[in-house]
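Spelled out from the first residue to the last, the chains are:
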There are 2 protein chains.
Amino acid sequence: MNYPSILVEEAVNELSKFPGVGKKSAMRMVLHLLKQQETDVTKLGEAIIKLRTQIKYCQRCGNVSDTDFCNICNSIKRNQHLICVVEDLRDVIAIENTGQFTGTYHVLGGLISPVNGIGPSDLNIENLIKRIADENTTEVIMALSATTEGDTTVFYLSRKLKDFGVQISTISRGISIGGELEYADEITLGRSIALRIPYQG
Amino acid sequence: MNYPSILVEEAVNELSKFPGVGKKSAMRMVLHLLKQQETDVTKLGEAIIKLRTQIKYCQRCGNVSDTDFCNICNSIKRNQHLICVVEDLRDVIAIENTGQFTGTYHVLGGLISPVNGIGPSDLNIENLIKRIADENTTEVIMALSATTEGDTTVFYLSRKLKDFGVQISTISRGISIGGELEYADEITLGRSIALRIPYQG
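As the structure is a prediction and not an experimental result, all values here were calculated from the model.

Cut-offs applied
What you see as residue numbers is a count from 1 along each chain, following the sequence as written. Each chain takes a letter, starting from A, and each ligand takes a number, starting from 1, following the order in which they are written. pLDDT decides what is reported in this predicted model: residues at 70 or higher carry local features, side-chain atom pairs at 80 or more are listed and counted, and totals for whole chains, interfaces and linings draw on all residues regardless. Heavy atoms throughout the structure, all of them, feed into the side-chain values; hydrogens and water do not. Secondary structure elements are defined from DSSP: runs of H or I of at least 4 residues count as helices, runs of E of at least 2 residues count as strands, and each element is numbered from the N terminus. In this treatment the radius of gyration is a C-alpha quantity, and the globule benchmark scales as 2.2 Å times the residue count to the 0.38 power. Three exposure classes are used, based on accessible area relative to the maximum for each residue type with a 1.4 Å probe and protein chains only: buried under 20%, partly exposed in between, and exposed over 50%. Note on definitions: a residue-residue contact is assigned when non-hydrogen atoms from the two residues lie within 4.5 Å. Each accessible area is a Shrake-Rupley estimate made with a 1.4 Å probe; only the visible protein chains count as cover when residues are assessed. Here the positive residues are Lys and Arg and the negative ones are Asp and Glu; neither His nor the chain ends is included. Charged side chains are reduced to one point each, which is NZ for Lys, CZ for Arg, CG for Asp and CD for Glu. One speaks of a salt bridge when a side-chain nitrogen belonging to Lys or Arg is within 4 Å of a carboxyl oxygen belonging to Asp or Glu. Strands qualify as paired when DSSP identifies two bridges or more between them. Under this scheme, a helix contributes an axis fitted over its contacting stretch, all axes are lines through C-alpha atoms, and angles between N-to-C directions fall in the 0 to 180 degree range. Reported buried area values correspond to the accessible surface (1.4 Å probe) lost by two parts on association, with both partners' losses combined. As used in this structure description, the phrase polar contact means that two N or O atoms lie within 3.5 Å; if the pair is within protein, one of them must be able to donate a hydrogen and the other to accept it, and residues adjacent in sequence are counted only when both atoms belong to side chains. Residue polarity follows a fixed list, in which Ala, Val, Leu, Ile, Met, Phe, Trp, Tyr, Cys and Pro are nonpolar, Asp, Glu, Lys and Arg are charged, and the others, Gly among them, are polar. Least squares is used to superpose the copies, and the fit set is the C-alpha atoms of residues whose pLDDT is at least 70 in both copies. Handedness of a crossing is defined here by the sense of rotation of the near helix relative to the far one, left-handed for an anticlockwise turn of less than a right angle and right-handed for a clockwise turn. Known as pLDDT, the predictor's per-residue confidence is scaled from 0 to 100.

Peer 1: I would appreciate a short explanation of the overall build of chain A in the present structure.
Peer 2: Counting secondary structure elements, chain A contains eight helices and six strands. In chain A, the succession of α and β elements from N to C terminus is α-α-α-β-β-α-β-α-β-α-β-α-β-α. Computed over the C-alpha atoms, the radius of gyration of chain A is 22 Å, more than 25% above the 17 Å expected from 2.2 N^0.38 for a compact globule of 201 residues. Taking the principal axes of its C-alpha atoms as reference, chain A extends roughly 65 × 45 × 35 Å. Looking at the 201 residues of chain A, the share that counts as buried comes to 43%. Summarising the internal contacts of chain A: among those between residues at least 6 apart in sequence, 47% fall at separations of at least 24. Accessible surface, chain A as shown: approximately 11700 Å² in total, 51% of it carbon and sulfur. Each charge sign in chain A was given a centre, from 21 positive and 24 negative side chains, and these centres are 2 Å apart.

Next comes the structure, spelled out in structure tokens:
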């Protein structure tokens, strides 16, 4: 492409590094930015830089945090002996938004994926084992994706944690609430029959 | 949403101001940024800030430029008496990429749209009239979208330019090259029959 300005070219190149953003979308973003107030665009640029340069990770659970230990690990209202293992930050936010969970988290930072060259040592697993050894943990809930990578990770962790005498559970799988049977995929439907639960009428 | 960090919250809020980017996409962008090198993220942030604070607009044609007059207006290889009127920067890039146009541009910065409260005075029109009065322009090509706004703008401009004795043309409309007839919309197809051209065999 012929860009009329080096500044535009650089901004397009940088913005198109976002996953799912091509040159055309980046160009649309550039046009949007050019129409905004200078202070607003500066605020965006600074928010991006500050995010990366000032972010901290909780030394206990690995979640992002503004301090050395995150709000959830610091909270006396949370059950500090219950750990929910998740892949990343988005899962923490999704579970927090349900308002149903009162324990703590442990953020792995990814899933075991031999195809992508991600092994256990690339993830925040050693810290999890240390926590369970030190913290009198009663239960570990595996809240990982229902994919090969997720299942592999659950399998690996359950083996690692076997000797600690901690209860391990996984979140339930099945038909979504409000979901129609005929649109569910066969594997989910099959599993939801196999894993049926007693009716509490 | 409950964000685990003010830095994440601010970045999500700023990124979700891009058109078509919601909170979830912004969160995905934040996760991507957190996984990148600090220098790369700083480069992105600075490219965004520099884009807005250092960009110039060509004093003649209104296109973005790194200098007071853009490369195209400065070029002796371009026909400076032929003006192609476009809506914005993207159209300049699209036409330049065809390699078929050797004249200059005039960037309106939008289209007349009473619904959105955009009138002629909000666009770079006065400068266009001044150019045509001063520059011995031979032809003005209207390369605007085939929408109500585009047609309204062409109509307005053609009235304004009537007394200057300059030739006014619009880009041709019709079936795309390689396009199949049966998939063309009726209006395009109808117009392309009405505006048929002699076959040059």
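Peer 1: What am I meant to see in the pattern of salt bridges here?
Peer 2: Oppositely charged side chains can pair when the atoms bearing their charge come close. All told, the structure shown has 20 salt bridges over all chains when counted by the stated rule. Between B:E14 and A:K43 there is a salt bridge, with the nearest N and O atoms lying 3.8 Å from each other. Here B:E14, found in helix 1 (residues 6-15), pairs with A:K43, found in helix 3 (residues 38-54), and the two come from separate chains. Overall, the relative accessible area of 47% leaves A:K43 in the partly exposed class. The partner of A:D88 in a salt bridge is A:R90, with the nearest N and O atoms 3.4 Å apart. A relative accessible area of 9% means that A:D88 is categorised as buried. Several salt bridges share partner residues, and in doing so they unite A:E14, A:K17 and B:K43 into one network.

Peer 1: Looking at this structure, how should I read the sheet that holds strand 4 (residues 104-107) of chain B?
Peer 2: Residue and element names in this part refer to chain B. One open sheet accounts for four strands, arranged 4-3-5-6; its pairing is parallel. The sheet is open, and its two edges are formed by strand 4 and strand 6 (167-170), each paired on a single side. Each neighbouring strand pair of the sheet contributes to a mean axis angle of 25°, computed without reference to strand direction. One ladder, built from four bridges, connects strand 3 (residues 82-86) with strand 4; its direction is parallel. The residue bridging V86 from the neighbouring strand is V107, located in strand 4. The strands touched by helix 5 (residues 89-98) are strand 3 and strand 4; relative to strand 4, the strand with the most contacts, the crossing angle is about 160°. In the packing of helix 6 (residues 126-134) onto the sheet, the strands contacted are strand 3, strand 4 and strand 5 (139-142), and the crossing angle to strand 4 comes to about 150°.

Peer 1: What is the right way to read the interface of chain B and chain A from this model?
Peer 2: It is common to give the size of an interface as the accessible area that goes away when the parts come together. Taken together, the 54 residues of chain B in the interface contact 53 residues of chain A. Taken together, both faces of the contact between chain B and chain A bury some 5300 Å²; the carbon and sulfur share is 71%. Taken as a group, B:L7, B:L51 and B:R52 account for 13% of the area that chain B buries against chain A, more than any other trio of residues on that side. Inspection of the region where chain B meets chain A yields eight residue pairs in polar contact (both at pLDDT 80 or more). Mapped onto the side of chain B that touches chain A, the elements with two or more residues apiece are helix 1, helix 2 (23-35), helix 3 (38-54), strand 2 (64-65) and helix 5 of chain B. Broken down by element, the residue count for the side of chain B that touches chain A peaks at 16 residues, all from helix 3 of chain B. The residue makeup of the side of chain B that touches chain A, split by class, is 27 nonpolar, 13 polar and 14 charged.

Peer 1: Looking at this structure, how should I read the side chain of A:H106?
Peer 2: Residues and elements named next belong to chain A. Looking at the element boundaries, H106 is found in strand 4 (residues 104-107). Since its relative accessible area comes to 0%, H106 is described here as buried. Among the polar contacts listed, one links the side chain of H106 to the backbone nitrogen of L128, at a separation of 3.5 Å. The contact partners of H106, leaving out residues within four places of it in the chain, are R60, C61, I83, C84, V85, V86, N124, N127, L128 and R131.

Peer 1: Any chance you could explain the relation of the copies chain B and chain A here in plain terms?
Peer 2: There are two copies of the chain, and a rotation about an axis plus a shift along that axis relates them. Superposing chain B onto chain A takes a rotation of 180° combined with a translation of 0.0 Å along the rotation axis, leaving an RMSD of 0.1 Å. The transformation relating the two chain copies, once decomposed into turn and shift, fits a two-fold axis. No C-alpha of chain B approaches the rotation axis more nearly than that of B:G45, which lies at 2.1 Å. An overlap of 98% is found between the interface residues of chain B and their copies at the interface of chain A, pointing to a shared contact surface.

Peer 1: Hey, could you run me through the packing of helix 1 (residues 6-15) of chain A against helix 3 of chain B in this one?
Peer 2: Think of two packed helices as two axes; the pair is described by the angle between the axes and how far apart they sit. For the pair helix 1 of chain A and helix 3 of chain B, interaxial distance at closest approach is 9 Å and the crossing angle is 145°. Every pair of crossing elements has a handedness; the one defined by helix 1 of chain A and helix 3 of chain B is left-handed. Note on element contacts: helix 3 of chain B touches helix 1 of chain A through B:D40, B:K43, B:L44, B:A47, B:I48, B:K50, B:L51 and B:Q54, opposite A:L7, A:V8, A:E10, A:A11, A:E14 and A:L15. When grouped by side-chain class, the residues that make up the contact of helix 1 of chain A with helix 3 of chain B number eight nonpolar, one polar and five charged.

Peer 1: Where do I start with the confidence of the model for chain A in this structure?
Peer 2: Close inspection of predicted coordinates is inappropriate for parts of the model with low pLDDT. This prediction gives chain A a mean pLDDT of 90; 99% of its residues lie at or above 70. Overall fold confidence (pTM) sits at 0.79, and the ipTM for the predicted complex is 0.81.

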